[in-house]
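Below, each chain spelled out in residue letters.
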Amino acid sequence: MNWLNVHARAFAQAVTRLASQPLGTLLSAMVVGIALSLPAAGFVLLENVATLARGVSGTPEISLFLEQGAGVDDVGEITRRLQQEAAVASFRHVSREEALLQLERGGLGDVLGGLGSNPLPDAFVVTPRGESPELYERLHALFSNWPAVEHVQLDSAWVQRLHALLGLGKSAVLLLAGLLGFALVIVTFNTIRLQILTLRHEIDVSRLLGATDPFIRRPFYWFGSLQGALGGLVALATVWLSVEALGPPAASLAATYGAVFSLSGPGLHEALAIIAFAAFLGWLGSAISVRRHLAERLV
Amino acid sequence: MINFEQVVKSYPGGYTALAGVSFEIRHGELVVLSGHSGAGKSTLLKMIAAIERPSSGSVKINGQDISHLKPTAIPYLRRSLGLVLQESRLLFDRSVAENVMLPLVITGHPPRDAAKRVVAALERVGLGGRDREMPAGLSGGEQQRVAIARAIVNRPSILIADEPTAHLDSAYADEIAKLFKSFNEAGVTVLVSTHDDKLFAEYRPSRLVLGKGLLIGAAAS
Ligand SMILES: Nc1ncnc2c1ncn2[C@@H]1O[C@H](COP(=O)(O)OP(=O)(O)OP(=O)(O)O)[C@@H](O)[C@H]1O
Ligand SMILES: [Mg+2]
């Protein structure tokens with residue numbers, strides 16, 4: 001009997017057992033699904049907020065303002081250093097004249113004109129390679145020590161805070177997924193335990209007739225994995241329904257802030273990942289249960 | 001073919017069910033094992049299928065010592081035997097055919113050939129055409145015959161039966177005995193235990209008689 005046949009038979013047996021107790025199967029799938037829908041929804045929400053954050057700010061930039069007296073040499077030196085810095089993705093030099101022009105176009109020309117001379121310094125706008133707060137800290141410290149640099153300013157500090165918050169959210173969701181995943185393992189463990197009790201006679205008879213341990217265990221593994229996968233489907237359905245329900249109000253909320261935003265549900269990859277994760281947890285629960293409850297050889 | 005050497009079996013709790021039993025069964029023999037209730041008949045038969053392990057001594061089948069068989073090797077030993085235990089041990093949520101099919105499912109027999117073998121085995125025990133019925137709807141004797149069909153469906157070379165006629169009236173019991181004789185005539189080594197000394201008398205079988213865990217009588221046919 002080859003590998004495929006062996007598993008096809010065990011799979012069919014697991015499906016038969018699932019189908020023979022439709023109510024129990026449904027209830028277990030609901031318990032597993034509702035438990036998993038929380039972290040699944042958390043992930044979807046985080047994805048959405050992260051997309052939103054990117055859309056609003058682009059990548060945060062760092063501005064370098066040079067001293068008033070900085071000359072062409074200083075600008076050349078900074079340019080050279082920025083070109084050599086690996087953590088810098090791109091940069092733009094904003095000359096004093098250019099800055100003044102921008103302000104005048106912005107309607108402040110009169111005020112500035114009254115000053116007689118251009119009070120604005122040369123500036124560089126730097127886009128770093130990466131978004132981590134550590135990187136920003138490092139570059140901030142580095143640029144501050146360069147000659148002729150008067151002031152270094154991190155733009156969009158709130159985006160960094162948002163990133164920090166997103167990181168925190170990710171940890172919270174992971175923790176939640178871990179806890180509820182553990183619950184799923186326990187639920188499967190118990191389902192399989194009850195099943196082994198119910199099927200005790202059949203298991204004993206099969207052993208008397210020459211059934212090997214893997215032969216007896218395989219259907220339980222499949223059962224646990226299938227039950228987990230069904231729960232994963234319920235979780236997905238729950239998340240999808242929530243997104244459908246919350247999408248329009250979220251969009252109109254965003255519109256009041258002048259933003260265009262639509263809540264999006266899990267994509268194909270995320271969906272498959274959730275189902276696979278649930279199936280894995282089901283398999284784990286059944287494996288532990290089988291190890292625990294089929295260990296002793298009665299016959 | 002089957003060799004017991006000084007086999008002792010003490011159950012946990014200290015009761016000694018077999019107190020040093022030695023005998024040999026040759027290929028193709030029909031052997032009747034008798035003895036009073038509690039003499040150790042079931043214990044002896046269970047040892048051949050490694051359901052119980054000897055406390056000391058050795059049990060050999062075809063020269064292989066099975067007293068120290070690795071757990072993973074036990075299923076393969078059992079597949080080479082036909083086993084009818086004292087309790088019929090049918091699955092009552094499965095049809096007659098599914099019960100008889102079980103050993104073939106376990107060995108991964110191709111389904112179409114398995115179905116043919118099931119039909120043949122049921123005909124052999126006189127239950128042809130009853131394959132779709134449920135065991136609960138059968139009489140005790142018929143259930144016992146389903147168990148026998150299940151034991152022979154794998155075409156074993158050794159058939160072990162523990163009081164297959166225990167709950168049957170004598171007419172039924174004689175028919176079962178005749179069945180075992182016919183398997184034996186087809187070349188199967190048959191070892192069957194019974195309370196009833198007269199049961200197999202007309203076939204002049206070899207005899208093993210147990211009393212309080214000891215062999216108190218043996219006769220070759
Ligand atoms: N699992 C067990 N644990 C402890 N003692 C046992 C066990 N199985 C059997 N015994 C004891 O061993 C002795 C022999 O039992 P066994 O079942 O082999 O007898 P038997 O000859 O088959 O009897 P019967 O004709 O009633 O079936 C009995 O006294 C029984 O109580
Ligand atoms: Mg007995």
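Residues numbered from 1 in each chain as written. Chains lettered and ligands numbered in written order. Predicted model: local features only at pLDDT ≥ 70, side-chain atom pairs only at ≥ 80, totals over all residues. Heavy atoms only, no water.

Asker: Is there a simple way to explain empty space enclosed by the protein in this structure?
Answerer: One way to see where empty space is left: roll a probe the size of a water molecule over the atoms. Residues and elements named next belong to chain B. Per the stated rule, a full pass over the model turns up three cavities of 30 Å³ or more. There is about 80 Å³ of room inside the largest cavity. Sorting the residues of the lining of the largest cavity by element identifies helix H2 (74–79), strand E6 (81–84) and helix H5 (140–152) as the ones contributing at least two each. Top contributing element to the lining of the largest cavity by residue count: E6, with three residues. Split by residue class, the lining of the largest cavity holds six nonpolar, two polar and three charged. (1 Å grid on protein atoms, 1.4 Å probe; cavity = no way out; pocket = protein on both sides within 12 Å on 5 of 7 lines; lining within 4 Å. Points joined across faces, edges and corners; volume = space filled by probe spheres on them. Helix = DSSP H or I, 4+ residues; strand = E, 2+ residues; numbered from the N terminus. Nonpolar A, V, L, I, M, F, W, Y, C, P; charged D, E, K, R; others polar.)

Asker: Can you help me understand the coordination of the magnesium ion (ligand 2) in this one?
Answerer: Tetrahedral coordination by four donors places them ideally at 109.5 degrees to one another around the metal; octahedral coordination by six donors ideally gives 90 or 180 degrees. Residues and elements named next belong to chain B. Protein coordination of the magnesium ion (ligand 2) is provided by Ser42 (OG) and Gln86 (OE1), with donor distances spanning 1.9 to 2.4 Å. Separated by 44 residues along the polypeptide, Ser42 in helix H1 (residues 41–48) and Gln86 in the loop between E6 and helix H3 (96–106) bring together distant segments of the chain. A residue is classified by how much of its surface remains accessible, and Gln86, at 28% relative accessible area, is partly exposed. (Donors = N, O, S within 2.8 Å, 3.2 Å for Na, K, Ca; no water. Buried < 20%, exposed > 50% of the residue type's maximum accessible area, 1.4 Å probe, protein only.)

Asker: I keep staring at the pairing of strand E3 (residues 30–35) of chain B and nothing clicks. Help me out?
Answerer: Both faces of the sheet carry side chains from a regular strand, because those side chains alternate between them. Residue and element names in this part refer to chain B. Where burial is concerned, most of E3 is hidden: six out of the six residues are buried. Two elements, E3 and strand E8 (residues 189–194), share five bridges in a ladder whose sense is parallel. Directly across from Ser34, in E8, lies its bridge partner Thr194. Where E3 lies against strand E9 (residues 206–211), five bridges are found, and the strand directions are parallel. By the bridge assignment, Val31 is partnered in E9 with Ser206. (Pairing = 2+ DSSP bridges.)

Asker: Got a minute to help me understand the environment of Ser10(B) in this structure?
Answerer: Residues and elements named next belong to chain B. With respect to the helices and strands, Ser10 occurs in strand E1 (residues 2–10). The partly exposed category is assigned to Ser10, whose relative accessible area is 28%. Residue contacts for Ser10: discarding those within four places in its chain leaves Tyr15, Thr16 and Ser55. At a separation of 3.4 Å, a polar atom in the side chain of Ser10 contacts the side chain of Thr16. (Contact = heavy atoms within 4.5 Å. Polar contact = N/O pair within 3.5 Å; in protein donor to acceptor, adjacent residues only side chain to side chain.)

Asker: Explain the site of ligand 1 here, please?
Answerer: Residues and elements named next belong to chain B. In the region of ligand 1, 14 residues are neighbours, and Ser37, Gly38, Lys41, Ser42 and Thr43 sit closest. The dominant element in the shell around ligand 1, judged by the number of residues it contributes, is H1, at three residues. Taken together, the residues of the shell around ligand 1 break down into four nonpolar, eight polar and two charged. (Near = heavy atom within 4 Å.)

Asker: It is not clear to me how the environment of Arg81(A) should be interpreted in this structure. Could you clarify?
Answerer: All names here are of chain A. With respect to the helices and strands, the residue Arg81 is situated in helix H3 (residues 72–84). Contacts of Arg81, omitting those with residues within four sequence positions, involve Trp146 and Pro147. Side-chain polar atoms of Arg81 contact the side chain of Glu77, separated by 2.8 Å.

Asker: Help me out: how do you make sense of the interface of chain B and chain A in this one?
Answerer: Much of the literature gives interface size as the accessible area that the parts lose upon coming together. Taken together, the contacts link 19 residues of chain B with 16 residues of chain A. Taken as a group, Arg78(B), Arg89(B) and Ile106(B) account for 35% of the area that chain B buries against chain A, more than any other trio of residues on that side. In this assembly, chain B and chain A are joined by one salt bridge. Put simply, Glu202(A) and Arg94(B) hold a salt bridge, and the shortest N to O gap is 2.5 Å. Where chain B meets chain A, there are four residue pairs in polar contact (both at pLDDT 80 or more). Among the secondary structure elements, those contributing two or more residues to the side of chain B that touches chain A are H2 and H3 of chain B. In terms of residue class, the side of chain B that touches chain A is made up of twelve nonpolar, two polar and five charged. (Buried area = accessible area lost by both parts, 1.4 Å probe. Salt bridge = Lys/Arg side-chain N within 4 Å of Asp/Glu carboxyl O.)

Asker: Can you help me understand the environment of Gly82(B) in this one?
Answerer: Residue and element names in this part refer to chain B. The topology assignment puts Gly82 in strand E6. Looking at Gly82, the relative accessible area reads 0%, which means it is buried. A sequence separation of 132 residues divides Gly82 from Leu214, and the C-alpha atoms of the two residues are 25 Å apart. Excluding its chain neighbours within four sequence positions, the residues that come into contact with Gly82 are Ala151, Pro156, Ile158, Leu159 and Ile160.

Asker: Even after reading the chapter, I still don't get the layout of surface pockets, so can you show me in this structure?
Answerer: Counted as a void, the largest pocket has a volume near 1,000 Å³. Lining of the largest pocket is provided by 35 residues; of these, Arg9(A), Gln13(A), Glu202(A), Arg94(B) and Val105(B) occupy positions nearest its centre. Residue assignment for the lining of the largest pocket shows that the elements contributing at least two residues are helix H1 (3–20), helix H6 (157–198), helix H7 (200–208) and helix H8 (213–256) of chain A together with H3 and helix H4 (111–124) of chain B. Here the element with the most residues in the lining of the largest pocket is H1(A); it accounts for seven residues. Broken down by class, the residue content of the lining of the largest pocket amounts to 18 nonpolar, eleven polar and six charged. Roughly 460 Å³ of volume is contained in the second largest pocket.

Asker: How do you make sense of the packing of aromatic side chains when you look at a structure like this?
Answerer: Geometrically, a pair of aromatic rings is defined through the distance of the ring centres and the angle of the planes. Residues and elements named next belong to chain A. This model, assessed by the stated rule, comprises eight aromatic pairs over all chains. Between Phe91 and Phe124, the ring centres sit 6.2 Å apart and the planes meet at 50°, which makes this aromatic pair tilted. Placement of the pair is Phe91 in strand E2 (residues 88–94) and Phe124 in strand E3 (residues 123–128), with a sequence separation of 33 residues. Between Phe143 and Trp146, the aromatic rings sit 4.9 Å apart at their centres with planes inclined by 55°, giving tilted as the arrangement. Trp146 matches Phe143 in its accessibility class, with the two residues each being buried. (Phe/Tyr/Trp six-rings, centres within 6.5 Å; stacked < 30°, edge-to-face > 60°.)

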